[in-house]
Amino acid sequence: VREQVEKRPGVETELVDVREIPLPPDDAGESTKDPRFSGIALRADALVLVVPEYNHGYPGSLKKLLDTNLKEYVHKAVGVCGVSAGPWGGARAIENLLPVLRELGLVTIFWDGNFPHARKLFDEAGRILDAGYERRIDRFLNELIWMARVLRYGREQVPLQ
Ligand SMILES: Cc1cc2nc3c(=O)[nH]c(=O)nc-3n(C[C@H](O)[C@H](O)[C@H](O)COP(=O)(O)O)c2cc1C
């Protein structure tokens, strides 16, 4: 997904691995902000979340990281890619995540990325083995970038009521 985003002219991207962000086990929310992640969230016009499905939900570590910011997300676009061992490509994790993203002020798009049967779909180096996925991710990114541009225009040009 990152490779596909990087091919887009005019789009800068930064990869955040949830595991690299230090989060305290005994606190949550905005008081636990990591400056690097908050800086990225603030600068971003859009987020792409790549989410493994765990017992039909999303990982708690992702929720804990998302919960550390709020105003940084408001009126920005978000798209979600699900990854799963089973056949549904994380669809249930994505559906479960949508109300959380809405509460954070993010604007969800109506395309998802779905990567089912992850063990067979990727090789040992993490490269995708089915080129057909590029077209789907292209459409997902078309929609995400359009929404990101619309929302950026809105944040900059349309006064709040
Ligand atoms: C605790 C746990 C629960 C999982 N639950 C599901 C599931 O409900 N459905 C599914 O298709 N895959 C499930 N998987 C497989 C993961 O989605 C798959 O391993 C993941 O996409 C790859 O990410 P990982 O490297 O974090 O395991 C589960 C894996 C773990 C570790």
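As the structure is a prediction and not an experimental result, all values here were calculated from the model.

Colleague: Would you explain the site of the ligand in this entry?
Modeller: Within the structure, the ligand sits among Pro-52, Glu-53, Tyr-54, Asn-55, His-56, Val-83, Ser-84, Ala-85 and Gly-86. Its residues placed into classes, the shell around the ligand shows four nonpolar, four polar and one charged.

Colleague: What exactly am I supposed to notice about the nonpolar core here?
Modeller: Note on soluble globular proteins: their nonpolar side chains tend to be buried together. The biggest cluster of nonpolar side chains holds 19 residues, and the ones touching the most others in it are Leu-49, Leu-66, Tyr-73, Val-80, Leu-97, Leu-101 and Leu-106. The leading source of residues in this core is helix H4 (residues 91-103), at four residues.

Colleague: So what exactly am I meant to see when it comes to helix H2 (residues 35-43) here?
Modeller: Residues spaced three or four apart along an α-helix face the same direction, because each turn holds 3.6 residues. When we look at burial in H2, the residues that qualify are Phe-37, Ser-38, Ile-40 and Ala-41. When H2 is viewed along its axis, its buried side chains cluster within an angular range of 160 degrees and face the same direction. Residues of H2 that are exposed and angled more than 90 degrees away from the buried face: Pro-35, Leu-42 and Arg-43. Considering only its buried residues, H2 is in contact with helix H3 (60-66) and strand E2 (76-83).

Colleague: I keep staring at the pairing of E2 and nothing clicks. Help me out?
Modeller: Look at any regular strand and the pattern is simple: side chains alternate between the two faces of the sheet. E2 sits mainly inside the fold: eight of its eight residues count as buried. For the handedness criterion, the β-α-β arrangement of strand E1 (residues 46-52), H3 and E2 is classed as right-handed. A crossover links E2 with its parallel partner strand E3 (residues 106-108), the connecting element being H4, and its sense is right-handed. Pairing geometry for E2 and strand E4 (residues 113-115), over three bridges, is parallel. Residue pairing for E4: Gly-82 is matched across the bridge by Asn-114.

Colleague: Can you walk me through the environment of Leu-65 in this structure?
Modeller: Here Leu-65 is to be found in helix H3. Residue classification places Leu-65 among the buried positions, given a relative accessible area of 4%. Residues Leu-65 and Gly-132, 67 residues apart in the sequence, show an inter-C-alpha distance of 32 Å. Leave out the neighbours within four places in its chain, and Leu-65 touches Val-16, Val-18, Ile-21, Leu-23, Phe-37 and Tyr-73.

Basis of the calculations
- Residues numbered from 1 in each chain as written.
- Predicted model: local features only at pLDDT ≥ 70, side-chain atom pairs only at ≥ 80, totals over all residues.
- Heavy atoms only, no water.
- Near = heavy atom within 4 Å.
- Nonpolar A, V, L, I, M, F, W, Y, C, P; charged D, E, K, R; others polar.
- Core = buried A, V, L, I, M, F, W, Y, C linked by side-chain atoms within 4.5 Å.
- Buried < 20%, exposed > 50% of the residue type's maximum accessible area, 1.4 Å probe, protein only.
- Helix = DSSP H or I, 4+ residues; strand = E, 2+ residues; numbered from the N terminus.
- Arc of directions from axis to C-beta.
- Contact = heavy atoms within 4.5 Å.
- Right-handed = clockwise from strand over helix to strand, strands pointing away.
- Pairing = 2+ DSSP bridges.

Honestly, that's just the spatial picture; any functional story needs more than this.
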